[in-house]
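Spelled out, the chains give:
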There are 2 protein chains.
Amino acid sequence: MPDLPVDMAQLTQHLAKINALSPDTSGQNRLVYSPGWVAAQRQLLAWGQELGLTVTLDDYGTVYLDLVGRVQPETIIATGSHMDTVVQGGPLDGLYGVLGGLQALLTLKQALGQPKKTLRVIAFSEEEGSRFPTTFSGSKHYARIEDTTGLKDKDGLDFDSARTAAVAQLAGPDIQRTLPKLPATFTELHIEQGPRLAAAKAQIGLVAAIVGQRRYTVTVTGVANHAGTTPMAQRQDAFQATVQFINRLFLLAQSLSPDLTFTVGELALTPNTVNVIPGKVVFTVDCRHTDTTVLDNFETLMGNTAALLSHDPLTISVSRWAKIPPVQLDQQLLAQNANLADQLQLSHLTLASGAGHDSQIMTQVTPTTMIFVPSIKGISHAPQEATATPDLLAGVQLLTASLYRQAY
Amino acid sequence: MPDLPVDMAQLTQHLAKINALSPDTSGQNRLVYSPGWVAAQRQLLAWGQELGLTVTLDDYGTVYLDLVGRVQPETIIATGSHMDTVVQGGPLDGLYGVLGGLQALLTLKQALGQPKKTLRVIAFSEEEGSRFPTTFSGSKHYARIEDTTGLKDKDGLDFDSARTAAVAQLAGPDIQRTLPKLPATFTELHIEQGPRLAAAKAQIGLVAAIVGQRRYTVTVTGVANHAGTTPMAQRQDAFQATVQFINRLFLLAQSLSPDLTFTVGELALTPNTVNVIPGKVVFTVDCRHTDTTVLDNFETLMGNTAALLSHDPLTISVSRWAKIPPVQLDQQLLAQNANLADQLQLSHLTLASGAGHDSQIMTQVTPTTMIFVPSIKGISHAPQEATATPDLLAGVQLLTASLYRQAY
């Protein structure tokens, strides 16, 4: 394998530039179709054009940067990740895979020129599900399996209105507007977002599987009433019922499997004032596991518990709005990357991803693999999210070698 | 006692007029110094002038309408309540006492002309504590015991800025700007806001005491992290700790006394997004009882439980921002009203108030009593808050008789 020197300074500059586009003391808030998101995709399109890549934009706002092949241009070796973040997110989740992928392409272009097959970097529009009640809408659209009809955000804004308004700001001369051909393989570079690689002192994580996950909205309806004059025994306190319900769910999740993650991340009381008994509580549930049966059982237990704690006029209703099955990633690409990591003398570990990724969508349409780098203290989805520079470099080196092996 | 016919149609019109000023499908939102509150106080000032009463406005926006006495004008027999509401409140809480008091004055003026002593109707600026972290600021200001220095609302708006801006919109010609003399007695007409009168089929409640109440802000600080990749055992989930804490407090409150009310009415998660473990939770606690010892014990148990559940880096801190002692109201005025209710053949019951009222402030500076009318289904602090018209009439009839006995 030729020497492929990665320009780490340039990658660092690129990361800093995008993260500086929405300077926010509470972290990155690059929610899909927001002004900060538009600015980021626009910057990526500009870099693609400056660096002489073929630039394509689809109707969901996903950006594709191609280094077209000279022998088999129709065979596409793709890499990339998503451009959106969670609310108050970190500087690397998604973005590292996009800009690390771009850096790998530039490294190969500079060292070896045009490849045999086409190399593609993808910046998917949305993966986090932080704004609209959907996840992976970018990669689902690319995979031709998306349906976002009728979705609205917290402010009641329609998905398609937000989408068309934002994408219109990205279009421009020399930017192809189409949904491009699917790739022959897809490799996603990403931070681990967990503590395992750091604990094992491994520089690289090779992902064999991705957990399945489900998301629910739970609505507890009671009766709003005066906080002082309503005897405790005569209350229909929607929040008291919520606390009992969630407390039981934590215990049930633990008993089902220590690996089952259960998170209540979003919650709202109505009317939400100090001296009124809450009449209504709405909250979200996120749970994940590599075994579908465990997720099915937890869903049943949630429903049973909701029924058990509901007593007219107080009701607890559970509604699922996301169901993503566990997936196995490509074994051949994983073996190839393990082999390359050994050649590059990078310590590596094979693991399952506890986070959802665009790769679990891509695996439905093409052989897919993932490369993880360690997250300091396992922190992500928070402003403190970070990875040591040598680890960021190691990830791009392995990705570069993998793309070289596949496209040259 | 002369015949004192109350014009119920006029009272109904007055109530409807004020409630229509802020037409809101989610109930009344007449928070102190808000546009709806300003419109209401301005309407009351206008009525006072039209009806030939002496109109006074103080620096907190409390409105005083006087029917000046001819023999002892310096001796003031006062009635009234507050003009503000909770968030999504009802049409009677506070307002009934203000407009019912006005109706009693008009009834006496029409039937008997000028009284010996001065009759006064008061519309206190704020009682609910729904906007700023303070309660009864209107009656406390009148009683010369208020300190609102440095208070801010949820949007960080300063109490004094909001106050001066709103009161400036109330000032006008023929409106005296001063903090008037304290009254010889104070009688507050109010809805019960509880289920007891309805249960006892009594038209009138005579209030012997008012519960003490305390309000706290609890801050739970954990570590925000990824909802999928952070093993349950390694989380510092601020909301999981919150649920455990509140669940224990419900049990502790119950064991201390069945009459101890405990309400978590307001709560906020940070960052409040579906796939991030909450790093911070802030919520309010409201608890009430007629016995100070019970409130002291509960406060101690809250502190102990917070310390018990805090384990570095997760912390739970409890901060008290309101402490209102239980109070006994005037026995002589209560006896007089019981006697008058018998003469008027109104069924009555003596009880303690589970809600806080301006009367508990007024009792510190003058003999004070309260007259309750039944609340349908005991509902209040909610849009469904209602009282049967015959009961609304009964309350004003008793108030009118009481003011007659004291001022003529």
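Residues numbered from 1 in each chain as written. Chains lettered and ligands numbered in written order. Predicted model: local features only at pLDDT ≥ 70, side-chain atom pairs only at ≥ 80, totals over all residues. Heavy atoms only, no water.

Caption draft 1: Just the overall build of chain A, in detail. A count of helical and extended segments in chain A gives eleven helices and 17 strands. The globule rule puts the C-alpha radius of gyration for 408 residues at 22 Å, and the 23 Å found for chain A is close to it. By its C-alpha atoms, chain A is 80 × 45 × 35 Å across when sized along the principal axes. Counting all 408 residues of chain A, 61% fall into the buried class. Sequence separation of 24 or more characterises 81% of the internal contacts of chain A that already satisfy a separation of 6 or more. Total accessible area computed for chain A in this model is approximately 14300 Å², and 52% of it derives from carbon and sulfur atoms. Here chain A contributes 28 positive and 35 negative side-chain charges, whose respective centroids are spaced 1 Å apart. (Helix = DSSP H or I, 4+ residues; strand = E, 2+ residues; numbered from the N terminus. Rg over C-alpha atoms; globule rule 2.2 N^0.38 Å. Buried < 20%, exposed > 50% of the residue type's maximum accessible area, 1.4 Å probe, protein only. Contact = heavy atoms within 4.5 Å. Areas by Shrake-Rupley, 256 points an atom, 1.4 Å probe, with all protein chains shown as cover. Lys, Arg positive; Asp, Glu negative; His and termini not counted. Charge placed at Lys NZ, Arg CZ, Asp CG, Glu CD.)

Caption draft 2: Inspection of the relation of the copies chain A and chain B at higher detail. Screw-axis analysis of chain A against chain B gives a translation of 0.0 Å along the axis, an RMSD of 0.1 Å, and a rotation angle of 180°. Read as a symmetry element, the transformation amounts to a two-fold axis. For chain A, the smallest separation between a C-alpha atom and the rotation axis is recorded for valine 243 of chain A, amounting to 2.7 Å. Comparing interface residues between copies, 100% of those in chain A also lie at the interface in chain B; the contact surface is shared. (Least-squares fit on C-alpha atoms with pLDDT ≥ 70 in both.)

Caption draft 3: Inspection of the interface of chain A and chain B at higher detail. In this assembly, 61 residues from chain A lie in contact with 61 residues from chain B. Between chain A and chain B, the buried area comes to about 5000 Å², and carbon and sulfur atoms account for 57% of it. Counting the surface chain A buries against chain B, the share from its top three residues, His226, Thr229 and Val274 of chain A, is 13%. Looking at the side of chain A that touches chain B, the elements that each hand over two or more residues are strand S9 (225-226), helix H7 (238-256), strand S10 (261-263), strand S11 (267-270), strand S12 (276-277) and strand S13 (280-289) of chain A. The greatest single-element share of the side of chain A that touches chain B, amounting to seven residues, is contributed by H7 of chain A. Of the residues assigned to the side of chain A that touches chain B, the class counts are 26 nonpolar, 26 polar and nine charged. (Buried area = accessible area lost by both parts, 1.4 Å probe. Nonpolar A, V, L, I, M, F, W, Y, C, P; charged D, E, K, R; others polar.)

Caption draft 4: Quick peek at the domain arrangement of chain A. Residue and element names in this part refer to chain A. Domain assignment breaks chain A into domain 1 (8-211 + 326-407) and domain 2 (212-323). Between the C-alpha centres of domain 1 and domain 2 the distance comes to 34 Å. In this complex, domain 1 contributes 13 residues to the contact, which on the side of domain 2 involves ten residues. Both faces combined, the contact of domain 1 with domain 2 buries some 810 Å², and carbon together with sulfur accounts for 59% of it. A per-residue breakdown of the area domain 1 buries against domain 2 is headed by Pro133, Val211 and Pro326, which together make up 52% of the total. Counting every contact that joins domain 1 to domain 2 gives one salt bridge. Measuring nitrogen to oxygen at the nearest pair gives 3.7 Å for the salt bridge that ties lysine 154 to glutamate 266. (Domains from an automatic or database assignment. Salt bridge = Lys/Arg side-chain N within 4 Å of Asp/Glu carboxyl O.)

Caption draft 5: Geometry of helix H1 (residues 8-21) of chain A. Residues and elements named next belong to chain A. An ideal rise of 1.5 Å per residue puts 20 Å on 14 residues; H1 measures up with 20 Å between its terminal C-alpha atoms. Burial in H1 covers these residues: Met8, Leu11, His14, Leu15, Ile18 and Asn19. Down the axis of H1, the buried side of the element spans an arc of 125°, and every buried residue falls inside it. Those residues of H1 that are buried lie in contact with helix H2 (35-50), helix H3 (95-112) and helix H11 (389-407). Among the residues of H1, the N-terminal cap falls to aspartate 7, whose side-chain oxygen and the backbone nitrogen of alanine 9 are separated by 3.2 Å. (Expected span 1.5 Å × (residues − 1). Arc of directions from axis to C-beta. Polar contact = N/O pair within 3.5 Å; in protein donor to acceptor, adjacent residues only side chain to side chain.)

Caption draft 6: Seen up close, the environment of valine 282 of chain B. Residue and element names in this part refer to chain B. With respect to the secondary-structure elements, valine 282 resides in strand S13 (residues 280-289). On the accessibility criterion, valine 282 (29% relative accessible area) is partly exposed. With 221 residues separating them in the primary sequence, valine 282 and glycine 61 have C-alpha atoms 31 Å apart. In this view, valine 282 contacts Thr217, Val218, Thr219, Glu266, Leu267 and Ala268; residues no more than four positions away in its chain are not counted.

Caption draft 7: Region of interest: the packing of aromatic side chains. Residues and elements named next belong to chain A. As enumerated under the stated definition, the model contains 22 aromatic pairs over all chains in all. On the numbers, 5.6 Å between centres and 75° between planes, the contact of tyrosine 33 with phenylalanine 159 is edge-to-face. Of this pair, tyrosine 33 sits in the loop between H1 and H2 while phenylalanine 159 sits in helix H5 (residues 159-168); the two residues are 126 residues apart in sequence, bridging distant segments of the chain. Comparing tyrosine 33 with phenylalanine 159, the two get one shared label, buried. Each ring, one from phenylalanine 132 and one from phenylalanine 159, has its centre 4.9 Å from the other, and the planes form 75°; the classification is edge-to-face. One end of the pair, phenylalanine 132, is in the loop between strand S4 (117-124) and helix H4 (137-142); the other, phenylalanine 159, is in helix H5, with 27 residues separating them in the sequence. Given a relative accessible area of 3%, phenylalanine 132 falls into the buried group. Joined through ring pairs, the aromatic side chains of Tyr33, Trp37, Tyr60, Phe132 and Phe159 make up one cluster. (Phe/Tyr/Trp six-rings, centres within 6.5 Å; stacked < 30°, edge-to-face > 60°.)

Caption draft 8: Focus on the side chain of threonine 185 of chain B. All names here are of chain B. The topology assignment puts threonine 185 in strand S6 (residues 185-191). Classification of threonine 185 as buried rests on a relative accessible area of 11%. A polar side-chain atom of threonine 185 sits 2.7 Å from a polar atom in the side chain of glutamine 406. Contact partners of threonine 185, with chain neighbours within four places excluded, come to Ile76, Ile77, Ala78, Leu333, Thr366, Pro367 and Gln406.

Caption draft 9: Quick peek at helix H9 (residues 331-343) of chain A. All names here are of chain A. Taking 1.5 Å as the rise per residue, H9 with 13 residues should run 18 Å; its terminal C-alpha atoms sit 19 Å apart, in good agreement. Restricting attention to buried positions, one finds in H9 the residues Leu333, Leu334, Gln336, Asn337, Ala338, Leu340 and Ala341. Looking at the buried residues of H9, the elements they touch are strand S6 (185-191), strand S7 (204-210), strand S16 (348-353), strand S17 (368-373) and H11. Taking the backbone nitrogen of glutamine 332 as reference, a side-chain oxygen 3.1 Å away marks aspartate 330 as the first, capping residue of H9. With its phi angle positive at about 55°, glutamine 345 sits one or two positions after the end of H9.

Caption draft 10: Looking closely at the pattern of salt bridges. Enumeration according to the criterion identifies 24 salt bridges over all chains in this entry. Where aspartate 153 of chain A meets arginine 131 of chain A, a salt bridge forms, and the shortest distance between an N and an O atom there is 3.1 Å. Here arginine 131 of chain A lies in the loop between S4 and H4 and aspartate 153 of chain A lies in the loop between H4 and H5, a separation of 22 residues in the sequence. You can call aspartate 153 of chain A buried: its relative accessible area is 10%. For arginine 131 of chain A, a relative accessible area of 19% translates into the label buried. The salt bridge involving arginine 120 of chain B is made with aspartate 66 of chain B; its shortest N-O contact spans 2.8 Å.

Caption draft 11: How the structure looks around the pairing of strand S11 (residues 267-270) of chain B. Residues and elements named next belong to chain B. Of the two faces of S11, only one is covered, namely that formed by Leu267 and Leu269; the face formed by Ala268 and Thr270 stays uncovered. Where S11 meets S13, four bridges bridge the pair, whose relative direction is antiparallel. Bridging across to S13, leucine 267 finds its partner in phenylalanine 283. (Pairing = 2+ DSSP bridges.)

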